[in-house]
Amino acid sequence: MNVAVGPKEDRQLMTGLHTVADVHCEDCRKVLGWKYERAYEETQKYKEGKFILEKSKIAKEN
């Protein structure tokens, strides 16, 4: 909710090459993490469609 997914791009991550899309806040437009769109290695396929959100970039509302 209140997030948008940016364009897809290939990135070399610690676990190999993945196609990912940045996830950003709809209000402030800050990047919060990314979504795994495609994993090229068979052992990493379980990540496809999942999100990584950086805890330090998420604020609690009172």
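Relevant structure appears above.
Worth saying up front: this structure is predicted, and the values here are computed from it rather than measured.

Conventions used here
Residues numbered from 1 in each chain as written. Predicted model: local features only at pLDDT ≥ 70, side-chain atom pairs only at ≥ 80, totals over all residues. Heavy atoms only, no water. Helix = DSSP H or I, 4+ residues; strand = E, 2+ residues; numbered from the N terminus. Contact = heavy atoms within 4.5 Å. Areas by Shrake-Rupley, 256 points an atom, 1.4 Å probe, with all protein chains shown as cover. Lys, Arg positive; Asp, Glu negative; His and termini not counted. Charge placed at Lys NZ, Arg CZ, Asp CG, Glu CD. Disulfide = S-S within 2.5 Å. Buried < 20%, exposed > 50% of the residue type's maximum accessible area, 1.4 Å probe, protein only. Pairing = 2+ DSSP bridges. Axes fitted to C-alpha atoms, helices over the stretch in contact; angles between N-to-C directions.

Moving on, we come to the overall build of the protein. Looking only at helices and strands, one finds zero helices and four strands in the protein. When the helices and strands of the protein are listed from N to C terminus, the series reads β-β-β-β. Taking contacts inside the protein between residues at least 6 apart in sequence as the whole, the part at least 24 apart equals 15%. For the protein, the exposed area adds up to about 4,900 Å²; of that, 52% sits on carbon and sulfur atoms. Side chains of the protein give 12 positive and 11 negative charges; the mean places of these two sets differ by 3 Å.

Attention now goes to the state of the cysteines. Scanning the entire structure with this criterion turns up zero disulfides. Between Cys 25, a free cysteine, and Cys 28, which holds the nearest cysteine sulfur, the sulfur-to-sulfur gap is 3.6 Å. Since its relative accessible area comes to 47%, Cys 28 is described here as partly exposed.

Our focus in this paragraph is the pairing of strand β1 (residues 3-13). As judged from the nine bridges shared by β1 and strand β2 (residues 16-25), these two strands associate in the antiparallel manner. Residue pairing across strands places Ala 4 opposite His 24, the latter belonging to β2.

For the rest of this paragraph, the subject is the environment of Phe 51. Among the secondary structure elements, Phe 51 is positioned in strand β4 (residues 51-53). Separated by 14 residues in sequence, Phe 51 and Glu 37 have C-alpha atoms that sit 9.3 Å apart. Among all residues touching Phe 51, those that are not within four sequence positions of it are Val 5, Val 23, Trp 34 and Lys 35.

Read from one edge of the open sheet, four strands run β1-β2-β3-β4, paired in antiparallel fashion. Of all the strands in the sheet, just β1 and β4 have a single pairing partner and so form its edges. Direction aside, the axes of adjacent strands within the sheet are offset by 30° on average.

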